[in-house]
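Listed below, chain by chain, are the residues.
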Amino acid sequence: MSFPSIIFKHNNTRVENDLHVLVEQKLSSLAKYIGTETDVKCEVEFERIQSHHSGDIHRVEINLWLAGEMHRATSTKESFVAAIDVVRDELDRKLNDSHDKRQTLIRKGGRELKEAMRTAE
């Protein structure tokens, strides 16, 4: 399964096409959480904060809608590349937590069903 198409937004800045390719490469590793899900949407927003002259002035935000749940990650760093790395790691952690929670609920339901079948005998 490949990662879905990504919608790019640019606020107050021009972004080279290389950054688009980099984002697609970084987010392709998150395809393992998508599986066969068809209800997926991803938006990536780049912004250069104008009020700063130096320091953390590049902001990257990713909104990923997966099966009706929105997962959001934002980072402000000294470069877009550094911010992309932080955002990707944060999104990976959130998707992993969501996946683990879903699996735990499925197993809990199975245990309850099995226990109900035992007591019904």
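Sequence order as written defines residue numbering, which begins from 1 separately in each chain. pLDDT decides what is reported in this predicted model: residues at 70 or higher carry local features, side-chain atom pairs at 80 or more are listed and counted, and totals for whole chains, interfaces and linings draw on all residues regardless. As a rule here, side-chain values cover all heavy atoms of the structure and leave hydrogens and water aside.

Considerations on the confidence of the model for the protein
And step 1. Confidence scores labelled pLDDT are given residue by residue by the predictor and lie between 0 and 100. Per-residue pLDDT for the protein has a mean of 87; in total, 93% of the residues score no lower than 70.
And step 2. Put simply, strand β1 (residues 6-11) is where the protein has its lowest mean pLDDT, 85, and strand β4 (residues 69-77) is where it has its highest, 93. Secondary structure counts use DSSP, requiring at least four H or I residues in a row for a helix and at least two E residues in a row for a strand, with both numbered from the N terminus.

Here we look at empty space enclosed by the protein
And step 1. Points on a 1 Å grid over protein atoms alone make up a cavity when a 1.4 Å probe fits among them but cannot get out, and a pocket when they form an open set with protein on both sides within 12 Å along at least five of seven lines; lining residues each have an atom within 4 Å of a point. Grid points are joined across faces, edges and corners, and a volume is the space filled by probe spheres set on the points. Counted according to the given criterion, the structure contains one cavity of 30 Å³ or more.
And step 2. Here the largest cavity is characterised by a volume of approximately 40 Å³.
And step 3. In terms of lining, the largest cavity is formed by Y33, L66, L95, S98, H99 and R102.

Some points on helix α3 (residues 80-120)
And step 1. A helix is expected to span 1.5 Å multiplied by its residue count minus one. Across its 41 residues, α3 extends 60 Å between first and last C-alpha, which sits within 8% of the 60 Å expected from 1.5 Å per residue.
And step 2. Three exposure classes are used, based on accessible area relative to the maximum for each residue type with a 1.4 Å probe and protein chains only: buried under 20%, partly exposed in between, and exposed over 50%. Those residues of α3 not exposed but buried are F80, A83, I84, V87, R88, L91, D92, L95 and S98.

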